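Residue strings, one per chain:
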Amino acid sequence: MNKRAYNFNAGPAALPLEVLQQAQEQFVDFQGIGMSIMEVSHRSKQYEQVHNETQALLKELLHIPDNYKIMFLQGGASSQFTMIPMNLVGEGQVSSYVHTGSWANKAIKEAKLFSDVHIAASSKEQDFKEIPDLSALELPEQAAYLHITSNETIGGIQYQQFPQTGKVPLIADMSSDILCRPLDVSKFGLIYAGAQKNLGPSGVTIVIAREDLVQESPANLPSMFRYDTHIDNNSLYNTPPVYSIYMVNLVLKWVKEKGGLAEMEQFNQEKTKLIYDVIDQSQGFYRGVAAPADRSIMNLTFTMENEALEKQFIQESQEAGFVGLKGHRSVGGLRASTYNAVPYESCKALQQFMLDFQKKHG
Ligand SMILES: *Cc1c(COP(=O)(O)O)cnc(C)c1O
């Protein structure tokens with residue numbers, strides 16, 4: 001096999017090599033059935049086993065309490081921006097959001113179509129370089145939920161602790177940091193994540209929801225947009241994204257084999273320290289975007305003195321085998337996404353590349 005790229009893509013993103021190889025082995029013949037898992041009915045016992053085992057693995061890794069349901073949905077995390085207010089905001093209620101950047105903004109935009117949106121806090125004034133202080137958070141009496149974005153994939157900021165919301169359910173978009181660290185699911189009403197950053201390939205979105213919140217959707221909603229449809233049918237109302245769920249299954253087994261979420265967190269901290277240290281010790285050659293206290297261990301954003309130098313950095317990094325270091329088109333700059341599956345070796349190589357680049361151009 002040719003050398004693997006140093007893959008720092010933001011999403012879809014790196015998958016564990018072991019997982020890709022396992023999938024390759026089983027590609028045309030899944031467990032001796034003479035067919036790919038893609039070629040069998042979603043009602044077959046072979047697929048059903050994959051489906052239920054994937055839920056069980058999520059439950060085990062995240063210690064999901066018994067009163068929560070796990071759904072496998074399509075339409076990406078972006079569809080959840082709509083489904084959440086559609087399903088959860090009742091008569092006379094409002095939806096509350098914390099505005100922390102690009103992804104929070106998209107969630108807010110959709111919520112406005114279905115509810116009165118209350119902005120509970122925002123770091124707009126700080127250019128979304130930090131998570132707002134939520135220690136004195138006050139929510140309206142009629143708030144149906146508070147929505148947060150646990151990790152802003154584009155800005156590179158991440159919650160280090162979650163707000164206390166009392167009896168108002170806390171909802172989190174964890175698309176870019178689910179499984180990166182241990183999590184107390186019982187603090188949340190609903191958690192969702194598109195798979196293509198930390199869980200597998202695109203095509204499936206995981207929704208973990210407290211049962212009482214999603215048991216009964218408003219009567220006027222179409223079947224496919226109702227949480228109760230998917231819960232009543234164990235996410236098999238229609239054909240689920242079989243292959244994506246199968247890949248998530250393999251990724252979850254990989255995480256489990258690595259030791260679980262505490263080990264993942266330690267591993268991610270070790271990886272990102274390599275790069276943040278270079279930034280902090282570069283005397284301004286590299287400039288971290290996020291406030292140090294809110295730095296993400298998934299998406300590391302930084303800039304340089306001018307755009308020409310950043311362009312040079314991207315070009316030389318590509319020549320050296322690095323992929324995906326260009327910042328999101330909406331904000332520019334540079335970004336290294338170091339999801340669970342990004343190996344330590346890739347981060348070590350990036351560290352060395354950054355040091356060498358500074359020596360050459362600093
Ligand atoms: C990528 C991403 C999304 C969008 O996910 P899709 O599956 O493409 O809809 C939403 N929120 C966050 C935080 C993301 O990183």
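This is a predicted model, so every value here is computed, not measured.

## With respect to the UniProt feature "binding site: L-glutamate" (unreviewed entry) in the protein
- In the numbering adopted here, UniProt assigns the feature "binding site: L-glutamate" (unreviewed entry) to Arg43.
- The residue arginine 43 is located in the loop between helix H1 (17–25) and helix H2 (45–62) in this model.
- Excluding residues that lie within four positions of it along the chain, arginine 43 makes contacts with Leu236 and Tyr237.
- At a separation of 3.4 Å, a polar atom in the side chain of arginine 43 contacts the side chain of histidine 42.

## Regarding the sheet that holds strand S14 (residues 334–337)
- As summarised here, the arrangement of the three strands in space is S11-S12-S14, forming an open sheet in which the pairing is antiparallel. Strand pairing shows two members of the sheet lacking a second neighbour, strand S11 (287–288) and S14, which therefore form its edges.
- Pairing between strand S12 (residues 299–303) and S14: four bridges, direction antiparallel. Counterpart to phenylalanine 302 in the pairing with S14 is leucine 334.
- Set on the sheet, helix H8 (residues 261–280) makes contact with S11 and S12; between it and S12 the angle comes to about 15°.

## Focus on the side chain of arginine 295
- Looking at where arginine 295 falls in the secondary structure, it is placed in the loop between S11 and S12.
- For arginine 295, a relative accessible area of 14% puts it in the buried group.
- In this structure arginine 295 touches Gly156, Gln158, Gln160, Tyr276, Ile279, Asp280 and Ala290, once residues within four positions along its chain are discounted.

## Observations regarding the packing of H8 against helix H10 (residues 344–361)
- One way to put it is that H8 packs onto H10 with a least axis distance of 9 Å and a crossing angle of 5°. What the angle tells us is that H8 and H10 run roughly parallel. In this structure, H8 contributes Phe267, Glu270, Lys271, Leu274, Ile275, Val278 and Ile279 to the contact, and H10 contributes Tyr344, Cys347, Lys348, Leu350, Gln351, Met354 and Leu355.

## Observations concerning H8
- Its 20 residues give H8 an end-to-end C-alpha distance of 27 Å, which sits within 8% of 28 Å, the value for a rise of 1.5 Å per residue.
- Taken as a whole, H8 carries its principal kink of about 30° at lysine 273.
- Burial in H8 covers these residues: Leu261, Met264, Asn268, Lys271, Thr272, Leu274, Ile275, Tyr276, Val278 and Ile279.
- Structurally, H8 contributes buried residues whose contacts are with H2, helix H7 (242–257), S11, S12 and H10.

The rules we used
Residues numbered from 1 in each chain as written. Predicted model: local features only at pLDDT ≥ 70, side-chain atom pairs only at ≥ 80, totals over all residues. Heavy atoms only, no water. UniProt positions renumbered as here; feature names shortened; annotations may be inferred. Helix = DSSP H or I, 4+ residues; strand = E, 2+ residues; numbered from the N terminus. Contact = heavy atoms within 4.5 Å. Polar contact = N/O pair within 3.5 Å; in protein donor to acceptor, adjacent residues only side chain to side chain. Pairing = 2+ DSSP bridges. Axes fitted to C-alpha atoms, helices over the stretch in contact; angles between N-to-C directions. Buried < 20%, exposed > 50% of the residue type's maximum accessible area, 1.4 Å probe, protein only. Parallel < 35°, antiparallel > 145°, perpendicular 65-115°, else oblique. Expected span 1.5 Å × (residues − 1). Bend = angle between axes of the 7 residues up to and from the residue.

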